[in-house]
Every structure is written in C-alpha cells, then in structure tokens.
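A closer look at the structure
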Amino acid sequence: MARLAAFDMDGTLLLPSHQLGHQTLASLLALHQRDVHLAFATGRHLLEMQILRQRITLPAWLITGNGTRVHDLEGHLLFASDLSPSVAEEVLHSRWESTATVHVFNDDGWFTDVPVPQMLQAHALSGFGYQLRDLKSFPAHQVTKICFVDDHHALLPLQGQLEAAIGDRATICFSAWDCLEVLPLNCNKGSALAMLCQHLSLTLAECMAFGDAMNDREMLSLVGKGFVMGNAMSQLKSALPHLPVIGHCETQAVSHYLDHWMATPHLAYSPEC
C-alpha cells in the first residue's frame, strides 16, 4: 500500500496546456482522503509552486528546482542545495558553442538576459515569470541551478561540452526535450524524495511516483512503484525499461491510473481502459 505519491508536473500531472484537469484534481482529492501524502516533484520554482498549491487547494509537500529544495506543507524549508560557486562561475562565464538561451535560478526567482516571451506560456496559470539580468555579473554564490533552452538536437552537443568540463562537479540532465539543466552534484528528485521520506518516517518502497523526463529517472527508479508516461522522453523509457508505461498526459493518464488503483488494486492496469 503506497503511503506517498510523488508527481512530476509538466508532461505528467498537467495537461499539455500546463493546466490541471478536473479529473486529475478529483483523483488527487480522493488520494488525500485516503491519507496518502501528496508530493509535487518538479523543476519549477518554489515561488511558483506555492501559488499552484494554493490554487489546487490540497496539502502537498514540495520538491522544487528538480530536487534543490524541499518544503513542508506549511512552506518551511526542509532541505536546500545550491551549485558550488566555482561551477556556477564556470558555466556562466565560459564561451559555449551553443545558441541556447541561459536561465539562472535562486531563491529570489528566475533570471535571464534575453527576453523569451514564448516560455511564459507554460507559467500562465501562476503568472510566474523571469527577470532580465546581466548574467555575466550574476553572483556565483547565489545560484541554485542553471538551465539552457534550445531545440533538443542543438542541446546535445552542449551536453557533451558541459559533461567534459564540469561533469564530475555537477549533475547535468534534460528536464524537458528543450531544457538542459546544470544542478548541484548528486542532487535530483530521487535524493530529495529520499530525504522527505526520512522526514516522514517512510520508506521509498512505500511510495509511488510518476514522471516523463530524464530528471525523473532517479525518483522513478527508487520508489516501490514507478510509472513512466506514454508521452515520456524516449531516453527515459530506454533507461527504465522495467517500469510500466501508462497513458498520455493529454488524456489525464495519472488520474486514470489512480482511479484504478484506488478502486481495483488487485487487477492489472491497462492504459487503454
């Protein structure tokens, strides 16, 4: 019996429009009423997730910034991890052979030096947005994570450059098809969820989790029941071939699975049902 359910947001719990479906909200409420802890595990910023949690009107633990921050139901900080200043300085001040836009995150918000209004569509529900800033002068000791945004195939060479330069001092992963992130070493949703479980006196075997991108890999592999979305990155499906693949976020597949699990846990689940 799962006692905690952890959900990635974009591409998993949210619709492609980045909205929360009514059916999904009803399933989360039913899960909460069964005394199952809810945890939103996302690359989104804490400031944004606090807004979304209030709109969802359900108590949920927050794992934000892809595991760099963990907060309790009242918003108290349980865990924090930042990029080492030397890594942040090297990433921000080096000349990378890339056309990607660069985005820096810390507790104060999201910063970039090039306007990218199309990226704000994903944050329409919360109204959260970036602040324009000269990143070359950004304080290296105030960086939680750095994201590069571009076409996926354009990011692949950059991934190789970053791994060659700082791969032993940071975690580098795709949080979406078009987003490559530089995170603190050994920092991911899985390690953050493990700390949350310790706080709650739970084991990871008592958790279920859902995700669609490579930043979900550790979390999905560590829990008792991990589920890969049908719309997940092919790399994630290849990395975790033993995990069941459920339906698409467009059809609220997480809700479909949760309803099945709560009503008929003894029966096999089919995404087509």
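Rules behind the numbers
- Residues numbered from 1 in each chain as written.
- Predicted model: local features only at pLDDT ≥ 70, side-chain atom pairs only at ≥ 80, totals over all residues.
- Heavy atoms only, no water.
- Helix = DSSP H or I, 4+ residues; strand = E, 2+ residues; numbered from the N terminus.
- Contact = heavy atoms within 4.5 Å.
- Pairing = 2+ DSSP bridges.
- Axes fitted to C-alpha atoms, helices over the stretch in contact; angles between N-to-C directions.
- UniProt positions renumbered as here; feature names shortened; annotations may be inferred.
- 1 Å grid on protein atoms, 1.4 Å probe; cavity = no way out; pocket = protein on both sides within 12 Å on 5 of 7 lines; lining within 4 Å.
- Buried < 20%, exposed > 50% of the residue type's maximum accessible area, 1.4 Å probe, protein only.

Here Cys-249 lies in the loop between helix 8 (234–239) and helix 9 (253–263). Linking Cys-249 and Asn-231, residues 18 residues apart in sequence, is a C-alpha distance of 7.0 Å. For Cys-249, the residues in contact, after removing those within four places along its chain, are Gly-11, Thr-12, Leu-14, Leu-15, Pro-16, Met-229 and Asn-231.

The next subject is the sheet that holds strand 8 (residues 130–132). Taken in spatial order, the 6 strands of this open sheet run 8-7-6-9-11-10, and their pairing is mixed. Sheet topology places strand 8 and strand 10 (170–176) at the edges, where each strand pairs with a single neighbour. Averaged over all adjacent pairs, the angle separating strand axes in this sheet is 30°, with direction ignored.

The next point concerns the UniProt feature "binding site: Mg(2+)" (unreviewed entry) in the protein chain. Following the UniProt record, one finds the feature "binding site: Mg(2+)" (unreviewed entry) at Asp-8, Asp-10 and Asp-212. Across 205 residues in sequence, these annotated residues keep their C-alpha atoms within 8.3 Å of one another, forming a single compact spot. Among the annotated residues just listed, those that line the largest pocket are Asp-8, Asp-10 and Asp-212. Once residues lying within four places of it in the same chain are set aside, the contact partners of Asp-8 are Leu-13, Ala-41, Thr-42, Lys-189, Phe-210, Gly-211, Asp-212 and Asp-216. In this structure, Asp-212 sits in the loop between strand 12 (207–211) and helix 7 (217–222). With relative accessibility at 11%, the residue Asp-212 sits in the buried group. Not counting chain neighbours up to four residues away, the residues in contact with Asp-212 comprise Asp-8, Asp-10, Gly-11, Thr-12, Met-229, Asn-231, Ala-232, Met-233 and Leu-236.

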